[in-house]
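What follows is each chain in one-letter form.
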Amino acid sequence: MRQVRFSMTLILLTFMAVGCSYSSVGHLQRQPWVLNAEQQLEMRFWRFSYVAESSGGQYRVKGRAIPKTENLPADLSWIEDLWLAAYLSDDQGRVLAQDLRVSSNLALDPEQGVSFTFTLRPDRLNRTASLQITFGYNMTLTPHEDYMAQEALEKKHAGERGSVFFAHEGALTRI
């Protein structure tokens, strides 16, 4: 019986902690939300060029993410997996709304980049709080298009490792 009470208390505390948690982008580069102006935000591996719009309680961000190839391994030219996110936050970095786009099997092309449109729908806004925008990403880079399929088919020699690069910048959960 004592163990059941302990388990129930632990479950209750977990739900209370989750209820008090929030997403934060306070650790990321952010910019003020400015309408209808071309802006750029530099992150470690991506440069985001975008225009922010607002209409009917929705916030839209359109633009292009350009890979910063000077910061990436030179021998990797294929995006196996890419998750791009946009975050609308208050001036403390608390996420008010977010949207996500997932892509896969793309050439890592700094000329073309990856175009995006995010629609952000905040539940509630404090009219006096200043809004900020930032972006996040998860990416997996490989040497070429068929690399992951080849890795699955080939048996690698002991100790031999393939070339895969993973990078992430995104929101954190705070309690």
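Described below are features of the structure shown in this document. (Residues numbered from 1 in each chain as written. Predicted model: local features only at pLDDT ≥ 70, side-chain atom pairs only at ≥ 80, totals over all residues. Heavy atoms only, no water.)

### Notes on the pairing of strand β7 (residues 95-107)
Now for step 1: For strand β6 (residues 78-89) and β7, the ladder comprises 11 bridges, and the chain directions are antiparallel. By the bridge assignment for β7, Leu84 is matched with Arg101.
Now for step 2: Taking the residues that link successive antiparallel strands as the turn, the β6-β7 hairpin has five residues, and the phi of Gly93 there is positive, at about 90 degrees. (Pairing = 2+ DSSP bridges. Helix = DSSP H or I, 4+ residues; strand = E, 2+ residues; numbered from the N terminus.)

### Remarks on the pairing of strand β5 (residues 58-67)
Now for step 1: Bridge count between strand β4 (residues 46-55) and β5: 10 bridges; the pairing is antiparallel. Looking at the pairing, Ala52 lines up with Val61 of β5.
Now for step 2: In textbook terms, the turn of a hairpin is the stretch between consecutive antiparallel strands, and for β4 and β5 this stretch comprises two residues, one of which, Gly56, has a positive phi near 60 degrees.
Now for step 3: Looking at chain direction, β5 and strand β8 (residues 114-120) are connected through seven bridges and run antiparallel. Across the sheet, the residue bridging to Val61 is Phe118, located in β8.

### Regarding the packing of aromatic side chains
Now for step 1: Applying the stated criterion across every chain, the model contains eight aromatic pairs.
Now for step 2: Here the aromatic rings of Trp33 and Tyr59 are separated by 5.4 Å at their centres, their planes lie at 75 degrees, and the arrangement is edge-to-face. You can see Trp33 sitting in the loop between β2 (31-32) and β3 (39-42) and its partner Tyr59 sitting in strand β5, a full 26 residues away along the chain.
Now for step 3: Seen from their ring centres, Phe118 and Phe135 are 6.4 Å apart, and the 45 degrees between their planes marks the pair as tilted. Placement of the pair is Phe118 in strand β8 and Phe135 in strand β9 (residues 132-142), with a sequence separation of 17 residues. Of the two residues, Phe118 and Phe135, both sit in the buried class.
Now for step 4: Grouped by ring-pair contacts, the aromatic residues Phe48, Tyr50, Phe116, Phe118 and Phe135 constitute a single cluster. (Phe/Tyr/Trp six-rings, centres within 6.5 Å; stacked < 30°, edge-to-face > 60°. Buried < 20%, exposed > 50% of the residue type's maximum accessible area, 1.4 Å probe, protein only.)

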